[in-house]
Amino acid sequence: MNNIENVYINYRNILDEFTENQVMDRYRVLYQEIKEFLKSAGIEENVRIDEVILMHTVLDYYSDISRQKQFHKVEHINDIKAIAYETFWFLRRKPLQTLENPDQSEVLAFINEKFAFSRIAYFLVGSGKGAALSEENKKGFLSYLDTFYYFLKYRNVDAQMLELMIMGFKAGVMVAEDLKTN
């Protein structure tokens, strides 16, 4: 039976495997990223971070990563898998809670999806953030981002699908660079 005591006992194993410091570090990084995101969007007064749910998000992420490492017999996972699983659990748990939405803002209605999307978008562009795109490429990239955000809002999301979408984008970037030189 999967009662609350069993759930917390399972988390104890995670803390033994990854250490409490690792878990708390990831929690703090996510918490800080959320605070910065809310501040930059000017909505910190309209949204609260449910700290208990955020901790469950982090612990569930580590639970999945533990299973992945055991199944594949690897010591470390790649960055794409990390952000995909982290995003999945963020969207599953939804630690951002809207306090009020007087303007019926879509950003507030989908605040968890917007935050997750912003993290993925930042991950995708990485150091190329200031790169100039041709109008055609810019249009294509923005269309991809719009589709990705739509997917996060309205589709059933799982970590493997997110991983595949991110890998597909990264593969497209690599192929495009090779095509330029040929």
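What you see as residue numbers is a count from 1 along each chain, following the sequence as written. This being a predicted model, a pLDDT of at least 70 is required before a residue's local features are given, and a value of 80 or more before pairs of side-chain atoms are given or counted; all residues contribute to the totals for chains, interfaces and linings. Side-chain descriptors were evaluated using all non-hydrogen atoms of the structure, hydrogens and water having been removed beforehand.

Student: Teacher, can you tell me more about the overall build of the protein chain here?
Tutor: A run of H or I in DSSP counts as a helix once it spans at least four residues, and a run of E counts as a strand once it spans at least two, with each numbered from the N terminus. Scanning the protein chain from N- to C-terminus turns up eight helices and two strands. Element order for the protein chain, N to C, with α for helix and β for strand: α-α-β-α-α-β-α-α-α-α. Overall size of the protein chain, expressed as C-alpha extent along the three principal axes, is 55 × 50 × 30 Å. For the protein chain, with 182 residues in total, the buried portion stands at 39%. Within the protein chain, contacts between residues separated by at least 24 positions form 74% of all contacts whose residues are at least 6 apart in sequence. Calculation of accessible area relied on Shrake-Rupley with a 1.4 Å probe; when residues are assessed, cover is drawn exclusively from the protein chains displayed. As presented, the protein chain carries roughly 11,600 Å² of accessible surface, and 53% of it is formed by carbon and sulfur atoms. Classification of residues uses two cut-offs on accessible area relative to the type maximum, computed with a 1.4 Å probe and protein chains only: under 20% is buried, over 50% is exposed, and between them is partly exposed. Every residue pair with non-hydrogen atoms within 4.5 Å of one another is taken to be in contact.

Student: Looking at this structure, how should I read the packing of aromatic side chains?
Tutor: Any aromatic ring pair is given by two values, namely how distant the centres are and how the planes are angled relative to each other. Pairing of aromatic side chains requires ring centres within 6.5 Å, counting the rings of Phe and Tyr and the six-membered ring of Trp. Pairs whose planes differ by under 30 degrees are stacked, by over 60 edge-to-face, and all others tilted. Applying the stated rule across the entire model yields twelve aromatic pairs. Where Phe110 meets Tyr154, the ring centres are 5.5 Å apart and the plane angle is 70°; that geometry is what we call edge-to-face. Note that Phe110 is positioned in the loop between helix H5 (106–109) and helix H6 (111–125) and Tyr154 in helix H7 (residues 135–154), a separation of 44 residues in sequence. By relative accessible area, Phe110 is classed as buried at 19%. Among the residues examined, Tyr154 registers a relative accessible area of 42% and is labelled partly exposed. Aromatic side chains Tyr144 and Phe169 sit 5.2 Å apart centroid to centroid with 25° between the ring planes, which places their arrangement in the stacked category. Here Tyr144 is found in helix H7, whereas its partner Phe169 is found in helix H8 (residues 159–181), with 25 residues between them in sequence. Given the relative accessible area of 16%, Phe169 is considered buried. Linked through ring pairs, Phe141, Tyr144, Phe148 and Phe169 together constitute an aromatic cluster. For the cation-ring pair, Lys153 lies above Phe110, with the distance from its terminal atom to the ring centre recorded as 5.2 Å. If you follow Lys170 out to its NZ or CZ, it ends over the ring of Phe123, 4.8 Å from the centre. Two thresholds decide whether a charge sits over a ring: the Lys NZ or Arg CZ must be within 6 Å of the ring centre and within 35 degrees of the ring normal.

Student: Even after reading the chapter, I still don't get unusual backbone geometry, so can you show me in this structure?
Tutor: When glycine is set aside, most residues are seen to have a negative phi, and most peptide bonds are trans. One non-glycine residue, Thr19, lies in the positive phi region at around 75°. Mapping Thr19 onto the fold places it in the loop between helix H1 (4–18) and helix H2 (20–41). On the accessibility criterion, Thr19 (37% relative accessible area) is partly exposed. Positive phi outside glycine occurs at Lys94, with the angle close to 55°.

Student: Can you help me understand the pattern of salt bridges in this one?
Tutor: Note on pairing: side chains with opposite charge can pair once their charged atoms come close. Here a salt bridge means any side-chain nitrogen of Lys or Arg lying within 4 Å of a carboxyl oxygen belonging to Asp or Glu. Per the counting criterion, the structure on display carries ten salt bridges. Here Lys81 ties to Glu163 by a salt bridge, and the two come within 2.9 Å at their closest N and O atoms. With a gap of 82 residues between them, Lys81 in helix H4 (residues 79–93) and Glu163 in helix H8 connect regions that are remote in the sequence. Of the two residues, Lys81 and Glu163, both sit in the buried class. Between Glu106 and Lys153 there is a salt bridge, with the nearest N and O atoms lying 2.3 Å from each other. Remark: Lys153 occurs in helix H7 and Glu106 occurs in helix H5; sequence separation between them is 47 residues. A relative accessible area of 42% means that Glu106 is categorised as partly exposed. The class for Lys153 is buried, based on a relative accessible area of 15%. Put simply, Arg26, Glu33, Glu86 and Arg119 are held in one network by salt bridges that share partners.

Student: So what exactly am I meant to see when it comes to the side chain of Lys81 here?
Tutor: A residue is classified by how much of its surface remains accessible, and Lys81, at 14% relative accessible area, is buried. Apart from the residues lying within four places of it in its own chain, the contact partners of Lys81 are Gln68 and Glu163.

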